[in-house]
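Survey of secondary and tertiary structure
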Amino acid sequence: MTIPFIALIAACGLCVLGAAFCAIVPRATLRPLFIVWVAVETGLALVAGGSLLGAPGPVARLPLWELPSLGRPILALDPISGLFLVVTALVFLITVPYAARHGDGYAGHARSGLFAALYQLLFAAILLVLAAGDVLSFLVSWETMSLLLYGLVVFDHDGASSQRPSFLMLAMGEVGIDRKSTRLNSSHTDIARMPSSA
């Protein structure tokens, strides 16, 4: 396993641990801890992406565990995915102070902790979308990202005015996935080897 994969897996693992941690930390200490925790996560993602920039050669691949009847998901990294990992990490690093301040505005620790948890899990899901190397890992990470985005969109709103736009966002994500998945067949599960079509 190479340094980009170690950093990527560590960043995703910290996102999941951070999400669980946000549920138990007292609200008074959540905001500064949340900012520092996400800064470490994004730093690891920057290491993963930055170490790929300018790297020559083929895509680095990491097969994961075997799933019965579904196959083996694969993570794949190359210089292009490294660039997007860097951009994503920078965006999350820049927006974390706003997210922490926004999360503090909720009444009760459970709401602010849930917001911080959704934010961190979204970061992990986006990192996995960028590292997906086959159809299975892409679909799972994309669906996870879509559901987390939906959760964050409707999180702050309790009325019908937010339900229509959030449902539309979720539906558009599903239409895009449905369109991609109808073109697939079992002989082309590797994203790098899929035939392109107009």
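Please refer to the structure placed before this passage.
A brief report on the enclosed structure follows.

Thresholds, definitions, all that
Residues numbered from 1 in each chain as written. Predicted model: local features only at pLDDT ≥ 70, side-chain atom pairs only at ≥ 80, totals over all residues. Heavy atoms only, no water. Salt bridge = Lys/Arg side-chain N within 4 Å of Asp/Glu carboxyl O. Buried < 20%, exposed > 50% of the residue type's maximum accessible area, 1.4 Å probe, protein only. Helix = DSSP H or I, 4+ residues; strand = E, 2+ residues; numbered from the N terminus. Expected span 1.5 Å × (residues − 1). 1 Å grid on protein atoms, 1.4 Å probe; cavity = no way out; pocket = protein on both sides within 12 Å on 5 of 7 lines; lining within 4 Å. Points joined across faces, edges and corners; volume = space filled by probe spheres on them. Pairing = 2+ DSSP bridges. Polar contact = N/O pair within 3.5 Å; in protein donor to acceptor, adjacent residues only side chain to side chain. Contact = heavy atoms within 4.5 Å. Patch = residues over 30% accessible without salt bridge, like charges linked within 9 Å, V, L, I, M, F, W, Y side chains within 5 Å. Areas by Shrake-Rupley, 256 points an atom, 1.4 Å probe, with all protein chains shown as cover. Core = buried A, V, L, I, M, F, W, Y, C linked by side-chain atoms within 4.5 Å. Phe/Tyr/Trp six-rings, centres within 6.5 Å; stacked < 30°, edge-to-face > 60°.

Quick notes on the pattern of salt bridges
Oppositely charged side chains may form a pair once their charged atoms are brought near each other. For the structure on display, the rule yields 1 salt bridge. Across the pair Glu-66 and Arg-72 runs a salt bridge, and its minimum N-O distance is 3.5 Å. According to the relative accessible area criterion, Glu-66 is partly exposed, its value standing at 48%. Judged by its relative accessible area of 41%, Arg-72 is partly exposed.

A closer look at helix α1 (residues 3–22)
In a regular helix each residue adds 1.5 Å, so 20 residues correspond to 28 Å; α1 covers 28 Å between its end C-alpha atoms and thus fits that length. By the burial criterion, the buried members of α1 are Pro-4, Phe-5, Ala-7, Leu-8, Ala-11, Cys-12, Cys-15, Gly-18, Ala-19 and Cys-22.

Looking at helix α5 (residues 135–155)
Three or four residues apart is the spacing at which side chains of an α-helix point the same way, because the helix has 3.6 residues per turn. Over its 21 residues, α5 runs 30 Å from end to end, which matches the ideal 30 Å to within 8%, given 1.5 Å per residue. Val-135, Leu-136, Ser-137, Ser-141, Met-145, Ser-146, Leu-148, Gly-151, Leu-152 and Phe-155 are the residues of α5 that are buried.

Some words on the layout of surface pockets
Left-over empty space is what a probe sized like a water molecule reveals as it rolls over the atoms. The calculated volume of the largest pocket comes to roughly 440 Å³. Leu-64, Trp-65, Leu-75, Leu-128 and Val-140 are, among the 19 residues lining the largest pocket, the residues nearest its centre. Looking at the lining of the largest pocket, the elements that each hand over two or more residues are α1, α4 (109–131) and α5. Considering every element that reaches the lining of the largest pocket, the biggest residue donor is α5, with 6 residues.

Focus: the pairing of strand β2 (residues 74–77)
Residues Ile-74 and Ala-76 line one face of β2 and the alternating positions Leu-75 and Leu-77 line the opposite face, and both faces are buried. Note that strand β1 (residues 60–63) and β2 share 4 bridges and pair antiparallel. When the bridges of β2 are listed, Arg-61 appears paired with Ala-76.

Quick word on the side chain of Thr-88
By secondary structure assignment, the location of Thr-88 is in helix α3 (residues 79–104). A relative accessible area of 13% means that Thr-88 is categorised as buried. Among the polar contacts listed, one links the side chain of Thr-88 to the backbone oxygen of Phe-84, at a separation of 2.8 Å. Discounting chain neighbours no more than four positions away, the residues touching Thr-88 are Phe-123, Ile-126 and Leu-130.

Some points on a nonpolar patch on the surface
Judged by side-chain polarity, Leu-53, Ile-80, Leu-83, Phe-84, Val-87 and Val-91 come together as a nonpolar surface patch covering roughly 530 Å² of accessible area. Examined against the element boundaries, Val-91 turns out to sit in helix α3.

Examining the nonpolar core
Judged by nonpolar contacts, the single largest core of 38 residues is most densely connected at Leu-8, Phe-34 and Leu-127. At the level of elements, α1, α2 (27–50), β2, α3, α4 and α5 are the ones that each hand at least two residues to this core. In this structure Leu-8 touches Ala-48, Leu-75, Leu-77, Leu-85, Leu-127 and Ala-131, once residues within four positions along its chain are discounted.

Observations concerning the packing of aromatic side chains
Tallying each qualifying case throughout the model produces 4 aromatic pairs. Each ring, one from Phe-21 and one from Trp-37, has its centre 5.8 Å from the other, and the planes form 15 degrees; the classification is stacked. Residue Phe-21 is found in helix α1, and its partner Trp-37 is found in helix α2; the two are separated by 16 residues along the sequence. Aromatic ring contacts, followed pair by pair, group Phe-92, Tyr-119 and Phe-123 into a single cluster.

Points about the environment of Ile-24
Examined against the element boundaries, Ile-24 turns out to sit in the loop between α1 and α2. In the structure, Ile-24 is positioned 89 residues away from Gly-113 in sequence and 7.9 Å away in space, judged by C-alpha atoms.

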